[in-house]
Amino acid sequence: MLPFNEPLVTGKENAYIQEVLNRKKISGDGDFTGKCSTWFEDHLGCRKALLTTSGTHALEMAALLADIQPADEIIMPSYTFVSTANAFVLRGAIIVFVDIRPDTMNIDESRLEEAITSKTRAIVPVHYGGVACEMDTIMEIAARHNLLVIEDAAQGMMSEYKGKDLGTIGHLGCYSFHESKNYNCGEGGLLIINDDSLVRRAEIIREKGTNRSEFFRGQADKYTWMDIGSSYLPSELNAACLYAQLEVADHINARRLQLWRRYYEGLKPLAEKGRLVLPHIPEGCRHNAHMFFIKVKDGNERQRLIRYLQENGVMAVFHYIPLHSSPAGRLYGRFSGHDKYTTRESERLLRLPMYYNLEETDVDRVVALIGRYYERDGS
Ligand SMILES: *Cc1c(COP(=O)(O)O)cnc(C)c1O
């Protein structure tokens, strides 16, 4: 069976992890964590990049930093992973879901303004599949209403919007290094801080609410409890694993893009015949080939195609039951305006196998199978 995903392992991880074990400095914020932070700060040109234990925890840190209070309202798409919403619900916030654009599956920036009330505190754009949201418009609306922008760029490392890396445009940005993402250390994440005034508190929240980071830098003569916080720093083992992948990040990105383009070119004839819809990359966006999805006629056709692919040895999957129709989503959130696209488009989306070690011949096989499905299905 051709798997849907295979986590990336470069081969260099073992040596770096062994180095950590030999050094007997295994807990967080050692050498490799420093190397990773420096890599991100150089690469992203951001004010500060802090490794976290997961993408979920980076979002939770962002909610703490944003000082979200009970009954504050947070705007986000309903078509996203649960952690985008959970991070803010944990602070007592109410989630206001806004419809998505059918072309990118990202939040529809033209429906944002009508969702804003006197209680709105932040907008959380999710860059689905590493393809950027319309950030200029989102930042302009946020500035006009004095709102924070927290980018859920969990899938967006190495992607750009008008020359800027995803996660560096809003006040805060979050990456994930879960094994399903382009770069991984099993479980891990990154909080990107673009607003100077949030840096000091971010370090404190991440270190259980203490000023331990300053103490280690010699900027404080003792360390103590300063604020609320939790344990958001990953072990050096995770950082060592991640660093092995950062060193070859460009190479990994280039390879994924090759595979992505092969799918795109291979499936184009079917798209031209109107059988399916291919992903859309807006002008000015550079994506990272995080995912390759197609959209078929409807949910029933998706089910049939998944079964056909599975019978022929290929795992294809779907995801994101829209949060506003989930039990917790109904409890903690509301949908602003009309759900024109969220439910309809999410039901017809199908994700194809996409990972670094996929072969050209694998892509060709999947493309051929999809072609055969449509021939068989009576053209
Ligand atoms: C993966 C993902 C997360 C969560 O990241 P973890 O590292 O698994 O906690 C959050 N948001 C989106 C959009 C994701 O894809």
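Residues numbered from 1 in each chain as written. Predicted model: local features only at pLDDT ≥ 70, side-chain atom pairs only at ≥ 80, totals over all residues. Heavy atoms only, no water.

Looking at a nonpolar patch on the surface
Among the surface-exposed residues, Phe215, Phe216 and Tyr223 lie close enough to one another that they form a single nonpolar patch of about 310 Å² accessible area. By the element assignment, Phe216 lies in helix α7 (residues 212-216). (Patch = residues over 30% accessible without salt bridge, like charges linked within 9 Å, V, L, I, M, F, W, Y side chains within 5 Å. Areas by Shrake-Rupley, 256 points an atom, 1.4 Å probe, with all protein chains shown as cover. Salt bridge = Lys/Arg side-chain N within 4 Å of Asp/Glu carboxyl O. Helix = DSSP H or I, 4+ residues; strand = E, 2+ residues; numbered from the N terminus.)

Examining the packing of aromatic side chains
A full pass over the atoms with the stated rule returns 17 aromatic pairs. With a centroid separation of 5.6 Å and an interplanar angle of 50°, the aromatic rings of Phe215 and Tyr223 are classed as tilted. Of the residues examined, Tyr223 reaches a relative accessible area of 40% and is grouped as partly exposed. For Lys35, the ring lying beneath its charged end belongs to Phe32, and the centroid distance is 5.0 Å. Note that Arg302 overlies the ring of Phe318, its terminal NZ or CZ placed 4.0 Å from the centroid. (Phe/Tyr/Trp six-rings, centres within 6.5 Å; stacked < 30°, edge-to-face > 60°. Buried < 20%, exposed > 50% of the residue type's maximum accessible area, 1.4 Å probe, protein only. Lys NZ or Arg CZ within 6 Å of the ring centre and 35° of its normal.)

Structural notes on the pattern of salt bridges
Taken as a whole, this structure holds 28 salt bridges when the rule is applied. Salt-bridge contacts for Arg144 lead to Glu140; the nearest nitrogen and oxygen are separated by 2.6 Å. Taken together, the residues Arg144 and Glu140, both in helix α5 (residues 135-144) and four residues apart, mark about one turn of the helix. Arg144 gets classed as partly exposed once you look at its relative accessible area, which sits at 47%. Of the residues examined, Glu140 reaches a relative accessible area of 40% and is grouped as partly exposed. Among the ionic pairs, Glu160 bridges to Arg286, the shortest N-O distance being 3.9 Å. In this pair, Glu160 sits in strand β6 (residues 160-161) while Arg286 sits in strand β10 (residues 285-286), placing the two residues 126 residues apart along the sequence. Within this structure, Lys295, Arg344, Glu345 and Arg348 form a network of salt bridges that share partners.

Brief notes about the environment of Asn182
Within the secondary structure, Asn182 is located in the loop between β8 (172-176) and β9 (189-193). Between the alpha carbons of Asn182 and Gly156 there is a distance of 8.7 Å; along the sequence they are 26 residues apart. Here Arg256 takes part through its side chain, which lies 3.4 Å from a polar atom of the side chain of Asn182. (Polar contact = N/O pair within 3.5 Å; in protein donor to acceptor, adjacent residues only side chain to side chain.)

What about the nonpolar core?
Membership of the largest hydrophobic core comes to 50 residues, with the highest contact counts inside it found for Phe40, Ile75, Met157, Tyr175, Phe177, Leu190 and Leu242. Within the residue set of this core, elements represented by two or more residues are α1 (13-23), α2 (31-44), β1 (48-52), β3 (94-98), α5, β9, α8 (236-246) and α9 (249-272). The element contributing the most residues to this core is α8, with seven residues. Residues in contact with Phe177, not counting those within four places in the same chain, are Phe40, Leu51, Met157, Tyr183, Asn184, Cys185, Gly186, Glu187, Gly188, Gly189, Leu190 and Leu242. (Core = buried A, V, L, I, M, F, W, Y, C linked by side-chain atoms within 4.5 Å. Contact = heavy atoms within 4.5 Å.)

Things to note about the side chain of Glu13
Its location among the elements puts Glu13 in helix α1. Setting aside residues no more than four positions away along its own chain, Glu13 makes contact with Leu8, Cys241, Ala244 and Gln245.

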